[in-house]
Amino acid sequence: MADFLMPSLGADMEAGTVLQWLVKPGDAVKRGDIVAVVDTEKATIEVEIFQTGVIQKIVVPEGEKVPVGTLLAVLAVDGEAVAAAHEAKPKPAEHAPVVLAPAPPTPPAVARVMAKPMLKPAAPHRARISPLAMRVAMELKVDLATVKGTGPEGAITKADVERAAGAPPTPAPAPRVAAPIEGPAPAARPKAAVAPIDHHAAMRKVIAALMARSKREIPHYYLGTHIDMSKAMGWLQAENFKRPVTERLLYSVLLLKAVALAAHEIPEMNGFWIDGAFEPSEAVHVGVVISIRQGGLIAPAIHDVDRKSLSEIMASLRDLVKRVRAGVLRSSEIADATITITSLGDEGVESVFGVIYPPQVALVGFGKIVERPWASGAMVGARPVMMASLSGDHRASDGHRGALFLTAIERLLQEPENL
Amino acid sequence: MTDDEIKALFLRELHRIAPEVELSEIDPAVDLREQIDLDSMDILNLAIVIHETTGVDIPEADYPRMTSLNGCVAYLHSRTS
């Protein structure tokens, strides 16, 4: 017998709401299967199970919000007979708690991410409702079985849910602008339509708590350097010309790989500061800051970037961005980044000095690539230039090691063919 | 493919990329990078879906020509006729 608990999906999570069970009692599950969809302040997360067995009992019903560590379901592991549903709750002593997160990356999970066809929804039976619509349905307490979808391929949209609730459709919140939460509720509002949870405000609260903790606890130091990107961009253009559209690379992939390899050279940048000491990480899981379209951000990890090919990193990044956009992430990738990258290139600024995600010890920032005069070999020419920065934790490393780390990134980007 | 089929395909993928955007409010003439804040990854995903459905290979240099709904329809016409 094993317990399936509400996982801790990052340092900033205290509780989660079970949005949906993807399994029922009697279903066989194997390690790495997605068994439930959980809503947190920051995202909707597909929770994987890390043990093989048969679901015996669902303890927490859909729609209930419970603290991290709460028993969600009971699993009969291999060889055990599945007890009838009415059997008394097994004694705790018989259980081995299933550790969900932060779990070490597992080959099956990585393999599954890589093998997943890019355009296929992760859970086919949920393909006809967007995560946003599901979230709104939870907030408005609408039974999705009664909602008729009008979206592409009959998908249930946010508007469909709001229509079913009898609530006036609210306009989609403009990016990065707080949704209005004040003002009297319309008198004619039907009883079923409760005040929606303001996810934007909830996410700001989570970000506020984590960033304030970072600035309170971590003595940041900052370094920056300009990197000539002509070799990297030239190589990328030629490479993409050879590749079909489905296999083309974005330059962020080169940055990810360079950071991961540099983290191997300077291990003080890669790991965690826990209980007054630095714990280096052998694996390099690179967190990527991705802005959420409705506002806020999240930094899920791409696992083992140092050991992946550029094509594999690209596939992981595409898959990750797609699921962040849709608001659905997996438990294994949300909790265990060992170093984080923020790239504000798409937003048009040239430099960024970020705030470290505790308990990590380094954050690398990349600005927009701009054409600049560049002196080399007594000649001045126009080159694509990018500003790279490092925010380092002074408890774990000094500026000298940080400088070597940034220099290593610069050197690696001059030999893109070796990445 | 007819214009309507191209539009439907484009909008379906847009819905996947940006589920919170009301498709009926999209201005077909305006660049989606400005209109709804699409980034390079989103544009690449659009190009991939169009390629996989139509078989048209879209060189990287042509991405800017297909970043609005009208632009995409016109571009695919020019490539298939």
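Procedures and definitions
- Residues numbered from 1 in each chain as written.
- Chains lettered and ligands numbered in written order.
- Predicted model: local features only at pLDDT ≥ 70, side-chain atom pairs only at ≥ 80, totals over all residues.
- Heavy atoms only, no water.
- Helix = DSSP H or I, 4+ residues; strand = E, 2+ residues; numbered from the N terminus.
- Areas by Shrake-Rupley, 256 points an atom, 1.4 Å probe, with all protein chains shown as cover.
- Expected span 1.5 Å × (residues − 1).
- Buried < 20%, exposed > 50% of the residue type's maximum accessible area, 1.4 Å probe, protein only.
- Pairing = 2+ DSSP bridges.
- Axes fitted to C-alpha atoms, helices over the stretch in contact; angles between N-to-C directions.
- Phe/Tyr/Trp six-rings, centres within 6.5 Å; stacked < 30°, edge-to-face > 60°.
- pLDDT = per-residue confidence, 0-100.
- Contact = heavy atoms within 4.5 Å.
- Buried area = accessible area lost by both parts, 1.4 Å probe.
- Salt bridge = Lys/Arg side-chain N within 4 Å of Asp/Glu carboxyl O.
- Polar contact = N/O pair within 3.5 Å; in protein donor to acceptor, adjacent residues only side chain to side chain.
- Nonpolar A, V, L, I, M, F, W, Y, C, P; charged D, E, K, R; others polar.

Things to note about the overall build of chain B
Then, number 1: Counting secondary structure elements, chain B contains four helices and zero strands.
Then, number 2: The N-to-C order of helical and strand elements in chain B reads α-α-α-α.
Then, number 3: Carbon and sulfur atoms make up 49% of the accessible area of chain B, which totals about 3,700 Å².

Focus on unusual backbone geometry
All names here are of chain A.
Then, number 1: Residue Pro359 is bonded to the preceding Pro358 through a cis peptide linkage, with omega at 5°.
Then, number 2: Inspection of the secondary structure assignment puts Pro359 in the loop between strand 18 (339–343) and strand 19 (362–366).
Then, number 3: Despite not being glycine, Asp275 has its phi angle at roughly 50°, a positive value.
Then, number 4: Counting through the fold element by element, Asp275 comes out in the loop between strand 11 (271–274) and strand 12 (277–280).
Then, number 5: Within the chain, Ala378 stands out as a residue other than glycine whose phi angle is a positive 65°.

Overview of helix 7 (residues 310–326) of chain A
Residues and elements named next belong to chain A.
Then, number 1: Taking 1.5 Å of rise per residue, the 17 residues of helix 7 would be expected to cover 24 Å, and the 24 Å separating its terminal C-alpha atoms lies within 8% of that figure.
Then, number 2: Most of helix 7 is tucked away: 14 of the 17 residues are buried.
Then, number 3: Phi turns positive, to about 80°, at Gly327, one or two residues after helix 7.

Examining the environment of Ile274 of chain A
Residue and element names in this part refer to chain A.
Then, number 1: Note on placement: Ile274 falls in strand 11.
Then, number 2: Relative accessible area serves as the criterion here: at 30%, Ile274 is assigned to the partly exposed category.
Then, number 3: Measuring from C-alpha to C-alpha, the distance between Ile274 and Pro359 comes to 6.7 Å, with 85 residues separating the pair along the chain.

Things to note about the sheet that holds strand 2 (residues 15–21) of chain A
Residue and element names in this part refer to chain A.
Then, number 1: Taken in spatial order, the five strands line up as 7-2-4-5-17 in an open sheet, and their pairing is mixed. Edge positions in the open sheet fall to strand 7 (65–67) and strand 17 (328–330), since each of these has one partner strand only. Between one strand and the next, the sheet's axes are offset by a mean angle of 40°, whatever the strand orientation.
Then, number 2: In this sheet, strand 7 lies alongside strand 2 in antiparallel orientation, the contact comprising three bridges. Opposite Ala15, over in strand 7, you have Pro67 as the bridge partner.

A word on the packing of aromatic side chains
All names here are of chain A.
Then, number 1: In total, this model carries two aromatic pairs over all chains according to the counting rule given.
Then, number 2: Residues Tyr222 and Phe353 carry aromatic rings whose centres are separated by 6.1 Å and whose planes lie at 90° to one another, so their mutual orientation is edge-to-face. One end of the pair, Tyr222, is in strand 10 (residues 220–228); the other, Phe353, is in the loop between strand 18 and strand 19, and 131 residues separate them in sequence.

Looking at the confidence of the model for chain A
Residues and elements named next belong to chain A.
Then, number 1: Chain-level statistics for chain A give a pLDDT mean of 79 and a share of 76% at 70 or above.
Then, number 2: Predicted confidence is poor over residues 83–127, with pLDDT under 50, and the contacts of this stretch with residues over four places away or in other chains come to 73 contacts.
Then, number 3: Below a pLDDT of 50 lies the segment residues 169–195, which in the model reaches 26 contacts outside its immediate sequence neighbourhood of four places, other chains included.

Focus on the interface of chain A and chain B
Then, number 1: Across the contact, 26 residues belong to chain A and 30 residues belong to chain B.
Then, number 2: A combined buried area of about 2,500 Å² lies between chain A and chain B, and 56% of that area is made up of carbon and sulfur atoms.
Then, number 3: On the chain A side of the contact with chain B, Val245, Arg248 and Arg293 of chain A bury the most area, a combined 25% of that side's loss.
Then, number 4: Linking chain A with chain B are one salt bridge.
Then, number 5: As a salt-bridge pair, Asp57 of chain B and Arg248 of chain A come within 3.8 Å of each other at their nearest N and O atoms.
Then, number 6: The tally of links between chain A and chain B comes to four residue pairs in polar contact (both at pLDDT 80 or more).
Then, number 7: Take the side of chain A that touches chain B: its biggest share by element is seven residues, from helix 7 of chain A.
Then, number 8: Considered class by class, the residues forming the side of chain A that touches chain B number 13 nonpolar, five polar and eight charged.

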